[in-house]
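Each chain, letter by letter, is given below.
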Amino acid sequence: MKLRKLFAGVAAAATLLGGMAFGATAANAAATDTATITVNNAQTGYTYTGYKFATFDNIQGEAPNATSVEVNTVAAWKDAVRQAADAANGNAAVPAEYAENPAAYVATFNAATARKFTDELTKRIPAGEQGTADVNGVITATEGWFLVTSKAEKVGKSALVATQITSGNKTYTKITLDAEDGQHNIDALGQFNAKDENAPTPPIKKADGNDTVNVGDTVNYTITAVVPPAAAGYDTYKYTITDAASKGLNVSGVYANFVVVVKGATGDTTLTPNVDYTLDQEGSYDDEGGTVTTIAFPNVKHYAGKTIQVTYKGVVTSDAVDQVTNKATVKNNNDQTAEGEPVVKKLGKFDFTKIGVGNDAEGLAGAEFKVSADGGKTFIKFSDDNDGVYYPTNADYGDETLRSADGMGTQKTLGKVAVRGLAEGTYTVQETKAPTGYAENFKVTFTVTIGKDGGEGTLAADKLQQVNTSEKTVLNVKSITQLPLTGAAGTMLFTVVAVLLAGVASTVFAKSRSTNRALNA
């Protein structure tokens with residue numbers, strides 16, 4: 001029989017295995033000796049099955065290091081191996097000298113052809129071949145050359161693996177490999193790095209503060225992502241963390257805004273931008289699609305199984321509508337992705353219409369208000385979008401005063417006051433100036449409550465019932481007689497008037513007695 005040297009790439013071809021170089025020698029190997037195949041990075045839910053398609057003989061080398069071995073095709077596999085070899089080699093027929101031993105021909109393939117052969121052989125497993133399934137990532141079989149398949153919900157990638165070889169009282173467990181594509185950390189026979197992976201673990205996204213925010217708030221975000229343990233089996237393992245921020249959240253794309261560390265038992269390792277990772281950003285906070293930030297790690301092999309933590313800041317802008325959302329996604333070396341749960345920060349809002357009496361019953365311009373979150377001790381500064389909508393701002397140009405709209409322009413409703421971008425809380429709205437012609441002593445103070453879910457705030461009635469909570473109107477009057485005299489407020493007002501009248505009567509009575517005394521003196 002002609003002997004051929006097995007290209008080392010067969011043992012280390014893409015998605016392949018721990019294997020060996022093959023050649024001739026004088027020592028005999030036993031095909032019935034027990035051997036094991038260890039699946040490094042075995043994935044939960046996968047079944048790895050080994051099918052022996054060739055045996056070994058004439059081992060050469062100094063144990064435990066082998067240098068070459070003879071390959072003999074298992075009879076039941078001859079047709080399958082020959083057909084797979086033909087297909088892998090561009091449909092070129094197996095040379096005549098290998099007709100009875102096509103596995104020896106496969107031993108001459110380079111890494112790329114061996115990879116194709118593995119895929120083709122997986123399609124042609126002979127009928128009735130059951131193979132040997134792994135138990136906790138270990139396949140127990142007899143010595144030889146194996147096709148190892150992996151199955152989960154779908155057929156995974158297969159591999160070629162050579163086991164240890166026993167000859168007499170010597171066991172050969174190592175081979176010098178010209179290894180490539182992720183197998184070069186293996187120098188022992190009977191093991192390989194599984195390249196099939198489950199989808200990566202979804203990242204966890206968190207943000208500080210409450211569930212609601214104000215426009216202008218800075219939110220601190222944290223992403224934690226676990227590097228797949230399978231990364232250890234590769235020479236180069238790419239990994240990507242992507243963060244998608246919605247419209248209304250300004251995430252600066254400068255490196256200084258991002259801190260990337262690898263968490264460790266004895267401390268964190270801060271990664272270096274443009275060395276350990278790159279950062280790219282698309283979009284903007286005022287785009288409908290928001291901002292997408294991609295942090296790409298060219299190689300996380302040495303962080304296999306560890307946690308990468310990314311922290312950064314985002315500023316809520318007036319482009320936000322009812323909420324700002326943020327979601328992280330990771331992608332592994334096999335382009336499988338996993339999405340984390342989005343982080344949602346909601347915003348509250350309120351509005352009302354200032355109305356007057358007579359011709360002003362539908363809307364009244366010129367009233368001025370201030371809003372406080374601490375019961376009137378300090379007042380919030382706002383910016384105006386020129387359409388009658390106010391947003392809180394920390395900028396120096398902000399103004400504490402809100403004015404009821406004059407109705408000019410398509411976006412302005414006469415008398416309207418609209419406030420957007422507030423966090424959960426109870427706000428005091430205090431009228432500081434009545435419109436021209438209206439009583440200053442009946443300016444209105446009331447509260448608005450925004451709940452933990454943001455959204456529309458709830459207006460509370462004032463004592464004199466100038467606030468209509470269902471219609472969301474706030475009334476100004478020119479005289480006391482125009483106040484709504486209903487319910488408790490009306491009763492209270494009559495009580496006040498009665499007290500005032502009683503005071504007047506008492507004064508008149510006192511003056512009458514004084515006059516009588518003067519007349520009778």
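This section reports on the structure supplied with the text. It should be emphasised that the depicted structure is a prediction, and the values quoted were computed from it without experimental measurement.

### Here we look at the nonpolar core
And then number 1: In terms of nonpolar packing, the biggest core is built from 39 residues, with Tyr239, Ile241, Phe297, Val300, Ile308, Val310 and Val316 touching the most fellow members.
And then number 2: Elements that contribute at least two residues to this core include exactly β13 (218-226), β14 (239-245), β16 (258-263), β19 (291-297), β20 (307-316), β21 (323-331) and β27 (389-392).
And then number 3: In this structure, phenylalanine 297 is in contact with Tyr237, Lys238, Tyr239, Ile241, Val260, Leu271, Asp276, Tyr277 and Ile308, ignoring residues within four places of it in sequence.
And then number 4: Residues Ala88, Leu147, Ile165 and Tyr172 belong to the second largest nonpolar core, which totals 31 residues.

### Structural notes on the pattern of salt bridges
And then number 1: Going through the model one piece at a time under the given rule, you end up with 19 salt bridges.
And then number 2: For lysine 205, the salt bridge goes to aspartate 243, with nearest N and O atoms at 2.5 Å. One end of the pair, lysine 205, is in strand β12 (residues 204-207); the other, aspartate 243, is in strand β14, and 38 residues separate them in sequence. An identical accessibility class is assigned to lysine 205 and aspartate 243; each is buried.
And then number 3: Close ionic contact of lysine 247 with glutamate 288 constitutes a salt bridge, the shortest N to O distance being 2.8 Å. Placement of the pair is lysine 247 in the loop between β14 and β15 (249-250) and glutamate 288 in the loop between β18 (278-283) and β19, with a sequence separation of 41 residues.
And then number 4: Residue class for lysine 247 comes out partly exposed when judged on its relative accessible area of 23%.
And then number 5: Several salt bridges share partner residues, and in doing so they unite Asp351, Lys416, Arg420, Glu456 and Lys472 into one network.

### Thoughts on the side chain of glutamine 43
And then number 1: Looking at where glutamine 43 falls in the secondary structure, it is placed in the loop between β1 (34-40) and β2 (47-62).
And then number 2: Leaving out residues up to four positions away in the same chain, glutamine 43 has contacts with Tyr48, Asp196, Glu197, Asn198 and Ala230.

### Here we look at the sheet that holds strand β5 (residues 138-142)
And then number 1: Pairing in this open sheet of three strands is mixed, and the strands run β5-β1-β11 from one edge to the other. The open sheet is flanked by β5 and β11 (191-193), the only strands paired with a single partner. Direction aside, the axes of adjacent strands within the sheet are offset by 20 degrees on average.
And then number 2: Where β1 meets β5, five bridges bridge the pair, whose relative direction is antiparallel. If you follow isoleucine 37 over to β5, its bridge partner there is isoleucine 139.

### So, the packing of helix α2 (residues 78-88) against helix α4 (residues 111-122)
And then number 1: Between α2 and α4, the shortest axis-to-axis distance is 8 Å and the interhelical angle comes to 130 degrees. The orientation of α2 relative to α4 falls into the category oblique. The element α2 and its partner α4 pack so that their crossing is right-handed. Here Ala80, Val81, Ala84, Ala85, Ala87 and Ala88 of α2 lie close against α4, whose contacting residues are Thr113, Lys116, Phe117, Glu120 and Leu121.
And then number 2: Among the residues making up the contact of α2 with α4, the classes are represented as eight nonpolar, one polar and two charged.

Criteria and cut-off values
- Residues numbered from 1 in each chain as written.
- Predicted model: local features only at pLDDT ≥ 70, side-chain atom pairs only at ≥ 80, totals over all residues.
- Heavy atoms only, no water.
- Core = buried A, V, L, I, M, F, W, Y, C linked by side-chain atoms within 4.5 Å.
- Buried < 20%, exposed > 50% of the residue type's maximum accessible area, 1.4 Å probe, protein only.
- Helix = DSSP H or I, 4+ residues; strand = E, 2+ residues; numbered from the N terminus.
- Contact = heavy atoms within 4.5 Å.
- Salt bridge = Lys/Arg side-chain N within 4 Å of Asp/Glu carboxyl O.
- Pairing = 2+ DSSP bridges.
- Axes fitted to C-alpha atoms, helices over the stretch in contact; angles between N-to-C directions.
- Parallel < 35°, antiparallel > 145°, perpendicular 65-115°, else oblique.
- Left-handed = near helix turned anticlockwise from the far one by under 90°.
- Nonpolar A, V, L, I, M, F, W, Y, C, P; charged D, E, K, R; others polar.

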